Amino acid sequence: MSRSAHPAGPRHGDVLPEGHYSPPPADLNALDPKIWSRTVTRGADGTVRVGGVDVRRLAEEFGTPAYVLDEADFRARCRAWRDAFGPDADVFYAGKAFLSRAVVRWLHEEGLNLDVCSGGELATALDAGMPADRIAFHGNNKSTAEIERAVRAGVGRIVLDSFQEIVRVAHIADSLDTRQRVQIRVTVGVEAHTHEFIATAHEDQKFGIPLAGGQAAEAVRRALKLDGLDVVGIHSHIGSQIFDTSGFEVAAHRVVGLLKDIRDEHGVELPEIDLGGGLGIAYTAADDPREPHEIAAALREIVTRECERAGLSVPRLSVEPGRAVVGPTALTLYEVGTIKPLDGLRTYVSVDGGMSDNIRTALYDAEYSVALVSRSSDAEPMLVRVVGKHCESGDIVVRDAFLPADLAPGDLIAVPATGAYCRSMASNYNHALRPPVVAVHDGAGRVIVRRETEEDLLRLDVG
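Rules used in this analysis
Residues numbered from 1 in each chain as written. Predicted model: local features only at pLDDT ≥ 70, side-chain atom pairs only at ≥ 80, totals over all residues. Heavy atoms only, no water. Axes fitted to C-alpha atoms, helices over the stretch in contact; angles between N-to-C directions. Helix = DSSP H or I, 4+ residues; strand = E, 2+ residues; numbered from the N terminus. Left-handed = near helix turned anticlockwise from the far one by under 90°. Contact = heavy atoms within 4.5 Å. Nonpolar A, V, L, I, M, F, W, Y, C, P; charged D, E, K, R; others polar. Buried < 20%, exposed > 50% of the residue type's maximum accessible area, 1.4 Å probe, protein only. Polar contact = N/O pair within 3.5 Å; in protein donor to acceptor, adjacent residues only side chain to side chain. Pairing = 2+ DSSP bridges. Salt bridge = Lys/Arg side-chain N within 4 Å of Asp/Glu carboxyl O. Arc of directions from axis to C-beta. Lys, Arg positive; Asp, Glu negative; His and termini not counted. Core = buried A, V, L, I, M, F, W, Y, C linked by side-chain atoms within 4.5 Å. Phe/Tyr/Trp six-rings, centres within 6.5 Å; stacked < 30°, edge-to-face > 60°. Lys NZ or Arg CZ within 6 Å of the ring centre and 35° of its normal.

Caption draft 1: Structural context of the packing of helix α8 (residues 246–266) against helix α9 (residues 292–310). Where α8 contacts α9, the two axes come as close as 9 Å, and the packing angle between them is 35°. Considering only the axes of α8 and α9, their crossing is right-handed. Where α8 approaches α9, its residues Phe 248, Glu 249, Ala 252, His 253, Val 256, Lys 260 and Arg 263 are matched on the opposing element by Leu 299, Ile 302, Val 303, Arg 305, Glu 306, Cys 307 and Ala 310. Looking at side-chain class alone, the contact of α8 with α9 contains eight nonpolar, one polar and five charged residues.

Caption draft 2: Geometry of the environment of Tyr 334. Note on placement: Tyr 334 falls in strand β14 (residues 330–342). Under the relative-accessibility criterion, Tyr 334 is labelled buried at 0%. For the pair Tyr 334 and Thr 64, spaced 270 residues apart in sequence, the C-alpha to C-alpha distance is 5.4 Å. Within polar-contact distance, the side chain of Tyr 334 engages the side chain of Asp 357 at 2.5 Å.

Caption draft 3: Just the sheet that holds strand β3 (residues 53–54), in detail. Spatial ordering of the open sheet is given by β1-β2-β3, a layout of three strands whose pairing is antiparallel. Sheet topology places β1 (41–42) and β3 at the edges, where each strand pairs with a single neighbour. In this structure, strand β2 (residues 48–50) lies alongside β3, joined through two bridges in antiparallel fashion. Opposite Val 50, over in β3, you have Val 53 as the bridge partner.

Caption draft 4: Focus on the pattern of salt bridges. Inspection of every chain in the model, using the stated rule, returns 36 salt bridges. Its salt-bridge partner being Arg 316, residue Asp 90 comes within 2.8 Å of it at the nearest N-O pair. In this pair, Asp 90 sits in strand β5 (residues 89–94) while Arg 316 sits in strand β13 (residues 316–319), placing the two residues 226 residues apart along the sequence. On the basis of relative accessibility, which here comes to 30%, the residue Arg 316 falls in the partly exposed class.

Caption draft 5: View of helix α5 (residues 144–153). Every buried residue belonging to α5 is among Ile 147, Ala 150 and Val 151, and all of these are buried. In a view along the axis of α5, the buried residues occupy a sector of 95°, so they form one face of it. Opposite its buried face, α5 presents the exposed residues Ala 145 and Arg 152, each directed more than 90 degrees away. The inward-facing, buried residues of α5 contact α4 (119–127), β7 (135–137), β8 (157–160), α6 (163–175) and β9 (180–187). After α5 finishes, the residue Gly 154 shows a positive phi value of roughly 85°.

Caption draft 6: Main features of the side chain of Asp 395. Inspection of the secondary structure puts Asp 395 in the loop between β17 (381–387) and β18 (396–404). Comment: no salt bridge for buried Asp 395; closest opposite-charge side chain is Lys 389, at 9.4 Å. A polar side-chain atom of Asp 395 sits 3.1 Å from the main-chain amide nitrogen of Lys 389. Filtering out sequence-adjacent residues up to four positions away, Asp 395 remains in contact with Gly 354, Met 355, Val 387, Gly 388, Lys 389 and His 390.

Caption draft 7: Structural view of the nonpolar core. Of all hydrophobic cores here, the largest spans 106 residues; its most connected members are Tyr 93, Ile 158, Ile 184, Ile 234 and Ile 413. Here this core takes eight residues from α8, the largest share from any one element. Ile 234 has contacts with Ile 184, Val 186, Val 220, Val 255, Leu 258, Leu 259, Ile 262, Leu 270, Glu 272, Ile 273 and Asp 274, leaving out every residue within four places of it along the chain. Judged by nonpolar contacts, the second largest core, of 21 residues, contains Leu 31, Leu 58, Val 68 and Ala 371.

Caption draft 8: Layout of the environment of Asp 264. The residue Asp 264 is located in helix α8 in this model. At a separation of 3.1 Å, a polar atom in the side chain of Asp 264 contacts the side chain of Arg 263.

Caption draft 9: How the structure looks around the environment of Glu 308. Relative to the helices and strands, Glu 308 resides in helix α9. Classification of Glu 308 by relative accessible area gives exposed; the value is 59%.

Caption draft 10: Quick peek at the packing of aromatic side chains. Tallied over the entire structure, the rule returns four aromatic pairs. Ring centres 5.9 Å apart and planes at 70° place the aromatic pair Phe 74 and Tyr 93 in the edge-to-face group. With Phe 74 in helix α2 (residues 71–85) and Tyr 93 in strand β5, this pair connects stretches of sequence that are 19 residues apart. Assessed through its relative accessible area of 0%, Phe 74 is described here as buried. The ring centre of Phe 137 lies 5.9 Å from the NZ or CZ of Lys 142, which sits over that ring.

Put into C-alpha cells, the structure is as follows:
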C-alpha cells in the first residue's frame, strides 16, 4: 500500500536503528580529501584552514553561517574539465549551481563557457564580462523579454525546449533581422539513477521534447524550415548526481539515431551534440565520483562509436558540469548553538543556519558530512543530527553523522561540498538573512556575495 510523504519532508523524523547508519570514522579529526576542497588542512593546533585562512578568523571577520569558497580549487577544477575535453569540445559551466560576478570572471579566465537558465543569470553573465557567444541559454519557459535580450546580446546558442518556443525564438530573431543558433532539447527516455526530482530524461516531466512518437523529429523538421533559426545540434540531459556513464551511453545511442534520421530526411548533418551535465560529487565517504579525464574519455568513446555505426561524422561534443566544478570547492561554516541529547536515540546539534541556507537535505534527502573545525578532539564519537534554527521539524542539515562527544556551544563546525545549489536555492524563510559567500585564496578572504541585512529585507517590504 502506498504511503503519502509527511508534509515536513520525507523521512523527517525517522530514527535509524543501531547498525543502519555507517559506523563512526576511525579518526573524527581526519578530513577526507575526496569530500573537502583541495586547500583544506587541519593544523598542528587542531584548527582547520581553507585557502590558508583559519576558520576561526573567517568566523570573526565575516560571521556565521557563511559559505567559504576555495578559489584555487574552483579554478583548478575548471582547468581540469577544460583540459580533459580539449579544444575540439565545449565545456559549459552550469550557472544554476552557483553564479556570481566573480565566478563569471573566473570562468572566463579559465576558458570555460557558461550555461544560464534565467534572465537574472544572463544579466549576471553579461554584466561580469562573459562574451555572449560563449553563453548558452536554457529553460523550459523562457519569457519573450528574456529571449529578446538573449538574441540581442548574441548568445552562442538557445536551447529550445518546446514547440511554442521554436516559433517564439524564430519570430524574435526575424524581428531583429538575425539568425539565432539553437539546439533542440530532447528527452530520450533514460531513467538516471538519481532522485525523482532531479532525473530529467524520462518522458513524464517538464523538460525537453520527447523522442517517443516522433515528437523530437517533428520539432527539428519545423525548426529547419524557419529562417530565424540556425539549428546546430541536439541537446540531452539525463539527470544529476550520476556516478557512471551507462546512462549517457543509452542517451548518446538515441540522440545519434535522431541525428541519422535528420540526415536521411533533410540531407543535413547537425554539427553539435550536447550530453548535458549531472556528474556526481562526493558528499560522503561512500560516494565515488569519476575524474574529468575519465568522463571525457568515456563520453568521446561512446559518441564516436555510435556515430561510426550510424555512418555520421563525429559532431562537436558539449558537456555542462556545474555541481562537479563548484560543489566540492565550498564549505558552510556554522556556529553550534544548542546541544540536545535524546537518550537511546541521538544528539541534536542546532546551528545558526539551516534549511534557509541548505534546503537540499529536506528537499532531496541529500546526505552530507560534517566536522568540528575550530579545534581537534580526542573525545568519543556521538551520533548527531545537525539541525537548523527554523520552525520546521524537517529543518535538517546533516541527517546522521558523528561528532566528538565534547562538542560545546560556540564550537565551529563545517559542512563540506556545499558549493552547488546551497546559495542558489537559499531563502529568507523565517526572515532569515542569506549568508555571504567568502572567497579564500592565498591566506586571505574576501566577500564576493555579501550577507543580507535586515535593511535589505525591509527595503523590499513596501507595505
